[in-house]
Amino acid sequence: MALEYIIGPALALLLGMKFTDYKTKKKDAKITELESKIALIETETPKKLMATLMPVAKAVKKIKQEVGL
């Protein structure tokens, strides 16, 4: 009977530690994935912004030349 008082909490502690380790590794993997997505977005956004704004800037420049500003 005394053995149950020792094994029960020890087993619960080990299972809790294993579950915590599993969840921590899962969260670390998710964080790494999100960091890589953020890095990709940080490098792609300026390129896409320039690709979007260049035709607008050229059109504005052309209009200014035609109007004489």
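Everything numeric here is computed off the predicted structure, so don't read it as measured data.

Caption draft 1: Inspection of helix α1 (residues 2-67) at higher detail. If you check α1, its first and last C-alpha atoms are 96 Å apart, about what 66 residues at 1.5 Å a residue would give, namely 98 Å. At L53, α1 shows its maximal bend, which comes to roughly 30 degrees, and the proline P55 appears one to four places after that position. A positive backbone phi angle near 100 degrees is found at G68, which sits one or two residues after α1.

Caption draft 2: Structural context of the pattern of salt bridges. Using the criterion set out here, one finds two salt bridges in the structure. For the salt bridge of K25 with D21, the shortest nitrogen-to-oxygen distance reads 3.4 Å. One end of the pair, K25, and the other, D21, are both in helix α1, four residues apart, so they sit about a helical turn from each other. With a relative accessible area of 55%, K25 lands in the exposed category. Taking relative accessible area as the criterion, D21 reaches 34% and is therefore assigned partly exposed. Its salt-bridge partner being K37, residue E33 comes within 3.5 Å of it at the nearest N-O pair. Of this pair, E33 and K37 both sit in helix α1, four residues apart, roughly one helical turn. For E33, a relative accessible area of 36% translates into the label partly exposed. In this structure K37 comes out as partly exposed when scored by relative accessible area, which is 45%.

Caption draft 3: Geometry of the environment of S36. Inspection of the secondary structure puts S36 in helix α1. Judged by relative accessible area, which is 44%, S36 ranks as partly exposed. Engagement of the side chain of S36 in a polar contact is seen with the backbone oxygen of E33, the distance being 2.6 Å.

The rules behind the values
- Residues numbered from 1 in each chain as written.
- Predicted model: local features only at pLDDT ≥ 70, side-chain atom pairs only at ≥ 80, totals over all residues.
- Heavy atoms only, no water.
- Helix = DSSP H or I, 4+ residues; strand = E, 2+ residues; numbered from the N terminus.
- Expected span 1.5 Å × (residues − 1).
- Bend = angle between axes of the 7 residues up to and from the residue.
- Salt bridge = Lys/Arg side-chain N within 4 Å of Asp/Glu carboxyl O.
- Buried < 20%, exposed > 50% of the residue type's maximum accessible area, 1.4 Å probe, protein only.
- Polar contact = N/O pair within 3.5 Å; in protein donor to acceptor, adjacent residues only side chain to side chain.

Function-wise, these values are silent; they only describe arrangement.
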